[in-house]
Amino acid sequence: MQRVMVNQIRSSPSAVKSSVHQGTVFAALLLPICICDIDKNTGHSFMSSFADDTKVSMKIATEEENEKQHADINQLFDWATEDNIMINSDKFQVLRYGVNEEAYPLAAMGQMASTTTKCQKN
């Protein structure tokens, strides 16, 4: 099912009879349009996207800050569900730096992050 929103008015759902294949020029044009509001409900974390990769960043020094980032990540999943976008949670990575590297685990939608690393080429 697919909906369209124009001027804050959402159409009724209708069946999708075709799709845009990955790797096409049209797909590259549609992705930025589809994810332009990806950070609309995040109140604490900084989100950055490049192509189809998104990073959710936040300094976490307390359990409260950890919970705020979890809430932002869950908002990201809610956004994806609402906009009918799939997030591959198997590709989650946690990048930790500083003195409390192991202090707070990261889980979203009931799943733990698949890998934890101390550095990553950006």
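Description of the structure in this document. All residue numbers refer to position in the chain's written sequence, counted from 1. Residue-level local features of this predicted model are given only where pLDDT is at least 70; pairs of side-chain atoms are given and counted only at 80 or more, and the full residue set underlies all totals for whole chains, interfaces and linings. As a rule here, side-chain values come from all non-hydrogen atoms in the structure, and water together with hydrogens is ignored.

Describing the overall build of the chain
In step 1: A tally of regular secondary structure across the chain gives two helices and eight strands.
In step 2: By the criteria applied, helices consist of DSSP H or I runs no shorter than four residues and strands consist of E runs no shorter than two, each listed in order from the N terminus. Overall, the chain shows an N-to-C arrangement of helices and strands of β-β-α-β-β-α-β-β-β-β.
In step 3: Buried means the residue's accessible area, taken with a 1.4 Å probe over protein chains only, is under 20% of the maximum for its type, while exposed means over 50%, and partly exposed covers the values in between. Counting all 122 residues of the chain, 19% fall into the buried class.
In step 4: For the chain, long-range pairs separated by at least 24 residues make up 36% of all intrachain contacts whose partners lie at least 6 apart in sequence. Contact definition: two residues touch when any of their heavy atoms are within 4.5 Å.

Focus on the pattern of salt bridges
Pairing is possible between side chains that carry opposite charge, provided their charged atoms lie close to one another.
In step 1: Any carboxyl oxygen of Asp or Glu that lies within 4 Å of a side-chain nitrogen of Lys or Arg is treated as forming a salt bridge with it. For the structure on display, the rule yields four salt bridges.
In step 2: Among the ionic pairs, K40 bridges to E82, the shortest N-O distance being 3.4 Å. One end of the pair, K40, is in the loop between α1 (25-34) and β3 (46-50); the other, E82, is in helix α2 (residues 63-82), and 42 residues separate them in sequence.
In step 3: We note a salt bridge from E64 to K68, for which the minimum N-O separation is 3.4 Å. With E64 and K68 both in helix α2 and four residues apart, the pair spans about one turn of that helix.
In step 4: Connected via shared salt-bridge partners are R10, D37, K40 and E82.

Regarding the environment of K91
In step 1: Mapping K91 onto the fold places it in the loop between α2 and β5 (93-95).
In step 2: Taking C-alpha positions, K91 is 9.9 Å from D53, a pair spaced 38 residues apart along the chain.

A word on the side chain of D72
In step 1: For D72, the position within the fold is in helix α2.
In step 2: Working convention for charge: Lys and Arg count positive, Asp and Glu count negative, and His plus the chain ends are omitted. Despite being buried, D72 has no salt bridge partner; K68 is the closest side chain of opposite charge, sitting 9.2 Å away.
In step 3: Sequence-distant contacts of D72, that is, excluding residues within four places in its chain, are made with N41, T42, G43, H44 and S45.

Here we look at the pairing of strand β4 (residues 53-57)
In step 1: Looking at chain direction, β3 and β4 are connected through five bridges and run antiparallel. Within β4, the residue paired with S49 across the bridge is T54. Any two strands are treated as partners once DSSP identifies two or more bridges connecting them.

A closer look at a nonpolar patch on the surface
In step 1: Among the surface-exposed residues, V25, F26 and L29 lie close enough to one another that they form a single nonpolar patch of about 340 Å² accessible area.
In step 2: By the secondary structure assignment, L29 is in helix α1. Patch definition: residues above 30% relative accessible area lacking any salt bridge, with like charges linked at up to 9 Å and the nonpolar side chains Val, Leu, Ile, Met, Phe, Trp and Tyr linked at up to 5 Å. Residue burial considers only the protein chains on display, and all accessible areas are found by Shrake-Rupley using a 1.4 Å probe.

Some points on α2
Every α-helix carries 3.6 residues per turn, so stepping three or four residues along brings you back to the same face.
In step 1: To estimate how far a helix should extend, the number of its residues minus one is multiplied by 1.5 Å. Taking 1.5 Å of rise per residue, 20 residues should cover 28 Å, and α2 covers 29 Å from first to last C-alpha, within 8% of that figure.
In step 2: Of the positions making up α2, those classed as buried are N66, Q69, H70, D72, I73, L76, F77, W79 and A80.
In step 3: Looking at the residues trailing α2, positive phi occurs at N84, about 60 degrees.

A closer look at unusual backbone geometry
Negative phi is the rule for most residues except glycine; trans is the rule for most peptide bonds.
In step 1: Backbone geometry at N7 places phi at a positive 50 degrees, although glycine is not the residue there.
In step 2: Positionally, N7 belongs in the loop between β1 (5-6) and β2 (9-10).
In step 3: With relative accessibility at 70%, the residue N7 sits in the exposed group.
In step 4: One non-glycine residue with positive phi stands out, namely Q8, at about 65 degrees.
In step 5: Take Q8: it is sitting in the loop between β1 and β2.

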